[in-house]
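# Residue-level structure breakdown
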Amino acid sequence: MSIEELKIEIAKKVFETDDENLLSELDMLLNYSEKVVLEELPKHVQEGIKRGLKQAEEGRLIPYDEIKRRLSEKWH
């Protein structure tokens, strides 16, 4: 997925949600000016981020709608 395609997918999700908490957190992330340096994070956090990025590169992702469905089944 290209950066432009990713932007479009994120924009679609933003327009589809009415979750005020999510939108507030996204706004804070987008307006946060200090960059987090990976090497400054705890080792276990670095490893988790790297593992997640590798999984994404390999296409091992679960669509948001599938996650919602699974959680809904589990908690209802």
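Predicted model only: the values in this text are computed from it and were never measured. Here, residues in each chain are numbered from 1, in the same order as that chain's written sequence. Given that the model is predicted, a residue must reach a pLDDT of at least 70 before its local features are reported, and side-chain atom pairs must reach 80 or more before they are shown or counted; all residues, however, enter totals for whole chains, interfaces and linings. Hydrogens and water are ignored here; the side-chain numbers use all heavy atoms of the structure.

## Description of the overall build of the protein
We count it as follows: Labels follow the DSSP assignment, with helices taken as runs of H or I lasting at least four residues and strands as runs of E lasting at least two, numbered in each case from the N terminus. Values of the radius of gyration come from C-alpha atoms, whereas the globule rule sets the reference at 2.2 Å times the count of residues to the power 0.38. Relative accessibility under 20% of the residue-type maximum defines a buried residue, over 50% an exposed one, and the middle range a partly exposed one, all with a 1.4 Å probe and only protein chains included. Exposure was quantified through the Shrake-Rupley algorithm and a 1.4 Å probe, taking into account, for residues, occlusion by the shown protein chains and nothing else. Positive residues here are Lys and Arg, negative ones are Asp and Glu, while His and the chain termini are left out of the count. Positions of charges follow a simple convention, taking NZ of Lys, CZ of Arg, CG of Asp or CD of Glu.
The number of helices and strands found in the protein is 4 helices and 0 strands. Over its C-alpha trace the protein gives a radius of gyration of 15 Å, far above what one expects of a compact globule, namely 11 Å for 76 residues. Reported as C-alpha extents along the three principal axes, the dimensions of the protein are approximately 40 × 30 × 25 Å. Counting only residues that meet the buried cut, the protein has 3% of its 76 residues in that class. As displayed, the protein offers around 7,500 Å² of accessible surface, 57% of which is attributable to carbon and sulfur atoms. Within the protein, one finds 13 positive and 18 negative side-chain charges whose respective centroids are separated by 7 Å.

## Some details on the pattern of salt bridges
Using the following cut-off: Any Lys or Arg side-chain nitrogen found within 4 Å of a carboxyl oxygen on Asp or Glu counts as a salt bridge.
Going through the model one piece at a time under the given rule, you end up with 7 salt bridges. Between K7 and E4 there is a salt bridge whose closest N-O contact spans 3.6 Å. A residue pair is termed a helical-turn pair when its members lie 3 or 4 positions apart in one helix, as K7 and E4 do in helix 1 (residues 3-16) at 3 residues. E4 gets classed as partly exposed once you look at its relative accessible area, which sits at 48%. Notably, a salt bridge pairs K54 with E58, separated by 2.9 Å at the nearest N-O pair.

## Section: the confidence of the model for the protein
Rules: pLDDT: the predictor's confidence for each residue, scored from 0 to 100.
Summary statistics for the protein give a mean pLDDT of 88 and a share of 99% for residues scoring 70 or more. The weakest mean pLDDT in the protein belongs to helix 2 (residues 20-31) at 86; the strongest belongs to helix 3 (residues 43-57) at 92.

## Looking at a nonpolar patch on the surface
Here is the rule we go by: Patches draw on residues past 30% relative accessible area with no salt bridge. Two like charges within 9 Å are joined, as are two nonpolar side chains (Val, Leu, Ile, Met, Phe, Trp, Tyr) within 5 Å.
Together, M1, I3, L6 and I10 line one region of the surface with nonpolar side chains, adding up to about 430 Å² of accessible area. Following the sequence through the fold, I3 ends up in helix 1. Residue classification places I3 among the exposed positions, given a relative accessible area of 56%.

## Overview of a negative patch on the surface
A cluster of acidic residues, D18, D19, E20 and E25, forms a negative patch on the protein surface. Among the secondary structure elements, E25 is positioned in helix 2.

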